Amino acid sequence: MYADNQNDITRLVVRSAQLLLAYGADSDLVEELSQRLGKALGLASVELSISSNALVLTSLVHGRCITTTRRIRAHGINMMVVCELQRLCLLTEKGVYGANEVRRRLARIKPKTYPAKIVIPIIGISCASFCHLFGGDLVACLLTFLASSVGMAVRLYFAKRHYNLLVNFAITAFVTNVVAQLGYIFPITDTPQVTLAASVLMLVPGFPLINAISDMVKGHINVGISRWGNASLLTLASVIGITIAMQLGGIF
């Protein structure tokens, strides 16, 4: 393999690893897919060092090493991108794709999201379902649907305008809790407390917490602690928003 080929393939592998980390893959999967893709394209070995906001990748061919570093900027969780990269790796291992096709496929990978008009009512239904499971009456479930739908609309509004995620979560929690307090202001339900609890469940950072535990269990302690800290900050931001709303509403 010529040096130029090794350079090109190293860039392809590090780009795929960068996308995997940016869109929510756990560190073990990033290492595995990067090594498999590199070997499928002709590299002798691929070694990665992953931190909370950067990765360092070294490729080896015939005793010649190339090391490159990339900054990681989180773009939110998007499993479509992760699945597409897994599919790309599998087809490369089978010999269907070469380096040129991998380059074209990587350039075309774009995150796809569901439209807001679908996401908002689905979130409302899911939170209302939790309200029912927690013992809420029909009016409480309807109120939960309204509060969580309004909250999700606010969250998407601020996300579209690229507000800081902590600010987004705090404002969303505040607005959602204010709407949920209608059950206390007006005697329309016997279980208003269930509405308060169920309507903000959409703000629980479940996926980051799962990834954090997965990374720590699999030996990526630093990345796991970083993800755990980020998830904890999101939770704290939500708690601040909820607390302010409850203080203003006089519930405490």
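Remember, predicted model here, so these are calculated numbers, not experimental data.

Procedures and definitions
- Residues numbered from 1 in each chain as written.
- Predicted model: local features only at pLDDT ≥ 70, side-chain atom pairs only at ≥ 80, totals over all residues.
- Heavy atoms only, no water.
- Helix = DSSP H or I, 4+ residues; strand = E, 2+ residues; numbered from the N terminus.
- Rg over C-alpha atoms; globule rule 2.2 N^0.38 Å.
- Buried < 20%, exposed > 50% of the residue type's maximum accessible area, 1.4 Å probe, protein only.
- Contact = heavy atoms within 4.5 Å.
- Areas by Shrake-Rupley, 256 points an atom, 1.4 Å probe, with all protein chains shown as cover.
- Lys, Arg positive; Asp, Glu negative; His and termini not counted.
- Charge placed at Lys NZ, Arg CZ, Asp CG, Glu CD.
- Pairing = 2+ DSSP bridges.
- Axes fitted to C-alpha atoms, helices over the stretch in contact; angles between N-to-C directions.
- Expected span 1.5 Å × (residues − 1).
- Arc of directions from axis to C-beta.

(A) Region of the structure containing the overall build of the protein chain. The number of helices and strands found in the protein chain is eleven helices and three strands. In sequence order, the protein chain lays out its α and β elements as α-α-β-β-β-α-α-α-α-α-α-α-α-α. Computed over the C-alpha atoms, the radius of gyration of the protein chain is 23 Å, more than 25% above the 18 Å expected from 2.2 N^0.38 for a compact globule of 252 residues. Counting the 252 residues in the protein chain, one finds 42% classified as buried. Of the contacts made within the protein chain by residues no fewer than 6 positions apart, 65% connect residues no fewer than 24 positions apart. Of the roughly 13400 Å² that the protein chain leaves accessible, carbon and sulfur atoms contribute 62%. Positive and negative side-chain charges in the protein chain, numbering 22 and 13 respectively, have mean positions lying 10 Å apart.

(B) Expanded view of the pairing of strand β2 (residues 54–61). Sheet analysis places strand β1 (residues 45–50) next to β2, joined by six bridges and oriented antiparallel. Considered in β2, the bridge of serine 49 is made with valine 56. Following β1, the chain reverses through three residues before pairing antiparallel with β2. Examined bridge by bridge, β2 and strand β3 (residues 64–71) share eight bridges and lie antiparallel to one another. Paired with leucine 60 across the bridge in β3 is cysteine 65.

(C) Just the sheet that holds β2, in detail. Taking strand neighbours across the sheet as the criterion, the three strands line up as β1-β2-β3 in an open arrangement whose pairing is antiparallel. Two strands close off the open sheet at either side, each with one partner strand: β1 and β3. Direction aside, the axes of adjacent strands within the sheet are offset by 15° on average.

(D) Summary view of helix α5 (residues 116–133). The end-to-end C-alpha separation of α5 is 26 Å, in line with the 26 Å expected for 18 residues at 1.5 Å each. Taken together, the buried positions of α5 are occupied by Gly124, Cys127, Ala128 and Cys131. Each buried residue of α5 sits inside an arc of 105° when the element is viewed along its axis, so together they form one side. Facing away from the buried side of α5 by more than 90 degrees, the exposed set consists of Ile122, His132 and Leu133. Contact partners of the buried residues in α5: α6 (138–160) and α9 (192–199). Positive backbone phi, approximately 100°, marks glycine 135, located one or two places after α5.

(E) Here's a closer look at unusual backbone geometry. Even without glycine at this site, histidine 62 takes up a positive phi of about 50°. Within the element layout of this structure, histidine 62 appears in the loop between β2 and β3. Judged by its relative accessible area of 70%, histidine 62 is exposed. Of note in the backbone geometry, histidine 162 takes a positive phi value of approximately 60° without being a glycine. Considering the arrangement of structural elements, one finds histidine 162 in the loop between α6 and α7 (165–180).

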